[in-house]
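An overview of the molecular structure
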Amino acid sequence: MKKEIVINYTKGEVRIAILEDDELVEFLIEREENRRTVGGIYSGKINAVIPGIQAAFVDIGQEKAAFLHVSDVATGSLDPDLLDDDDYVPSGRRKRRDFPPIESLLKKGQDLVVQIRKEAIGTKGPRISSQISLPGRFAVLMPNLDHVGVSKKIENRKERNRLRGIVRKYRPKGSAVIVRTAGYGVEEEQLRDDIKQLDKRWKQIAKNIEKATPPALVHEDVDITVFALRDLFTEDVDQITIDNKHEYERLKSYLDSIGENLSSKVKFYNDKNPIFDYYEIEDDIEKTLESKIWVRKGGYIVIEHTEALVSIDVNTGRFTGKKNQEDTILQTNLIAAREIARQLRLRDIGGIIVIDFIDMEREENRKKVYNEFRTCLKKDRSRARISPISDLGLIEVSRKRVRPSLLHYYSDECPYCVGSGKILSIESMAMKVEQWIRRIGSQRNIQGMQFRVNPVLGIFLREERGEHIHELADSYKIIVEVIDDPRMHREDFHIHSLDGKRDLKAEFV
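Heads up: these notes are all about the structure in this document. These figures come from a predicted structure and were not determined experimentally.

1. Remarks on the packing of aromatic side chains
Counting across every chain of the model gives 7 aromatic pairs. With centroids separated by 6.4 Å and ring planes inclined at 65°, the aromatic side chains of Phe27 and Phe276 adopt a geometry described as edge-to-face. Within this pair, whereas Phe27 is found in strand E3 (residues 23-31), its partner Phe276 is found in helix H5 (residues 275-278), the two being separated by 249 residues in sequence. On the basis of relative accessible area, Phe27 is assigned to the buried category, the value being 3%. Judged by its relative accessible area of 1%, Phe276 falls in the buried class. The interplanar angle of 55° and the centroid separation of 5.9 Å between the aromatic rings of Phe451 and Phe493 together place this pair among those described as tilted. Of the two residues, Phe451 sits in strand E24 (residues 448-453) while Phe493 sits in strand E26 (residues 493-496), which places them 42 residues apart along the sequence.

2. Details of the sheet that holds strand E2 (residues 13-20)
Strands belonging to one sheet form pairs held by backbone hydrogen bonds; the direction of such a pair is parallel or antiparallel. The 5 strands are arranged E3-E2-E1-E14-E15 in an open sheet whose pairing can be described as mixed. Of all the strands in the sheet, just E3 and strand E15 (266-268) have a single pairing partner and so form its edges. If you compare each strand with its neighbour and ignore which way they point, the axes differ by 20° on average. As paired strands, strand E1 (residues 3-10) and E2 are joined by 8 bridges and run antiparallel to one another. Following the sheet pairing, Lys3 is matched in E2 by Glu20.

3. Remarks on the pattern of salt bridges
Pairing between side chains of opposite charge can happen when their charged atoms approach one another. With the rule as written, the count across this model stands at 34 salt bridges. The residue Glu4 makes a salt bridge to Lys2 at a minimum N-O spacing of 3.3 Å. Given the relative accessible area of 7%, Glu4 is considered buried. A relative accessible area of 40% places Lys2 in the partly exposed class. Put simply, Lys203 and Asp199 hold a salt bridge, and the shortest N to O gap is 3.4 Å. Here Asp199 and Lys203 lie together in helix H2 (residues 188-211), a separation of 4 residues that amounts to about one turn. Through salt bridges with shared partners, a single network forms among Glu13, Arg15, Arg31 and Glu282.

4. Some details on the packing of helix H10 (residues 426-441) against helix H11 (residues 455-463)
Two numbers describe how H10 lies on H11: the axes approach to 10 Å, and their chain directions differ by 70°. With respect to H11, the axis of H10 lies roughly perpendicular. Contacts from Ile426, Glu427, Met429, Ala430 and Val433 of H10 reach H11 at Val456, Leu457, Phe460 and Leu461.

Quick notes on the rules
Residues numbered from 1 in each chain as written. Predicted model: local features only at pLDDT ≥ 70, side-chain atom pairs only at ≥ 80, totals over all residues. Heavy atoms only, no water. Phe/Tyr/Trp six-rings, centres within 6.5 Å; stacked < 30°, edge-to-face > 60°. Helix = DSSP H or I, 4+ residues; strand = E, 2+ residues; numbered from the N terminus. Buried < 20%, exposed > 50% of the residue type's maximum accessible area, 1.4 Å probe, protein only. Pairing = 2+ DSSP bridges. Axes fitted to C-alpha atoms, helices over the stretch in contact; angles between N-to-C directions. Salt bridge = Lys/Arg side-chain N within 4 Å of Asp/Glu carboxyl O. Parallel < 35°, antiparallel > 145°, perpendicular 65-115°, else oblique. Contact = heavy atoms within 4.5 Å.

Listed below in structure tokens is the structure:
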């Protein structure tokens with residue numbers, strides 16, 4: 001399988017696309033005003049301890065108090081059986097009665113060092129843990145624990161024993177070390193250096209904690225670009241392409257500094273055509289906001305977000321099949337199972353998901369669909385638990401959620417329908433305008449373009465993005481005009497040539 005990572009840098013935004021056999025399967029985005037906080041370590045102060053929900057709320061200096069469940073309170077011990085499949089110690093699989101009362105562990109006003117495990121989503125603050133874990137390229141270090149572990153995704157017994165032996169040799173005293181999936185087959189020196197680097201990092205964090213006055217940030221995790229290298233850039237990745245020269249040099253230096261020979265796979269994209277247009281993935285990103293997805297042979301699936309869960313419905317659509325009805329339904333469900341697994345990764349849908357496959361009469365067919373879906377989900381980096389398919393054709397999925405889904409990230413509450421639907425945020429619309437400037441500006445026969453937009457978008461483009469749009473226009477040696485039109489929907493705009501004779505949006509779609 002061919003696997004590529006494509007990174008697009010624009011002013012104020014970084015986008016990372018993961019392609020498998022030229023198909024978009026995962027998409028990450030970060031903006032300056034909304035940087036990722038997962039992995040950040042804070043010196044906090046407990047605001048409240050609530051025995052009724054076995055949780056505490058901790059002030060870490062953010063707008064919303066962080067949520068700490070009793071299962072995330074460090075107790076100084078680690079059950080090896082609790083080691084999770086995704087390289088991290090889980091928030092807990094023990095039953096509620098196995099935990100001591102939270103009021104016996106924590107007190108209001110107490111200072112506590114915590115780490116963000118899940119971003120703030122909607123009205124909820126970030127979820128935190130008082131057990132610190134520092135991920136490296138090949139290992140995870142957890143201070144104040146005594147344990148040696150290997151990711152369960154490394155199944156070869158001989159390799160597991162080899163890695164355990166290396167960790168026992170170099171594990172810092174007073175810390176647990178778990179080898180990540182990426183550690184499979186690495187040389188002893190590489191794993192040793194990774195562990196030493198993590199121990200050095202923890203010692204510096206410990207010094208920061210001593211100096212900090214709660215609430216305070218004492219350690220910020222790597223930015224999204226280095227995260228892509230640390231967590232995504234594995235041996236099975238054929239190439240990573242980036243369109244920013246400075247970041248290209250930084251990533252190559254990072255790979256060289258950790259002693260890996262992967263830097264030859266990092267390529268700099270230096271073409272006038274926008275990088276996401278070149279890879280033909282811009283349209284796929286826009287489709288992630290659509291609820292209806294057509295699949296091969298005419299079937300389609302519908303994804304609907306609710307407060308409690310996400311529902312996914314499968315329909316045959318135009319697909320009638322060549323044989324009997326049961327065979328038509330089976331084929332539609334198998335195709336849908338593959339696409340749903342891809343959409344869960346691509347849209348980063350988490351929490352509880354209920355999938356309504358088309359009813360099948362034969363038990364063997366239900367098992368085929370279940371096994372196909374389960375196999376496809378093995379490619380997912382996020383942990384997912386799947387229930388067997390029911391007699392009604394339903395599958396329940398619980399997928400780990402670390403950050404808001406793409407739908408929530410890209411959209412605001414719609415002013416036209418008072419919250420019953422979603423539209424693109426004003427920042428996303430501005431980015432869309434800039435993408436069109438690059439797309440059209442890269443052509444040689446264009447002197448300039450005129451955008452006719454909703455006044456709300458027009459004000460934002462002039463006051464907040466005006467300087468950047470001017471720089472963008474100068475780089476392509478073109479003129480860009482923005483004209484307000486109250487008749488325009490906030491999510492729409494027209495693009496014409498300066499003389500108004502050419503419809504550039506239709507011409508370059």
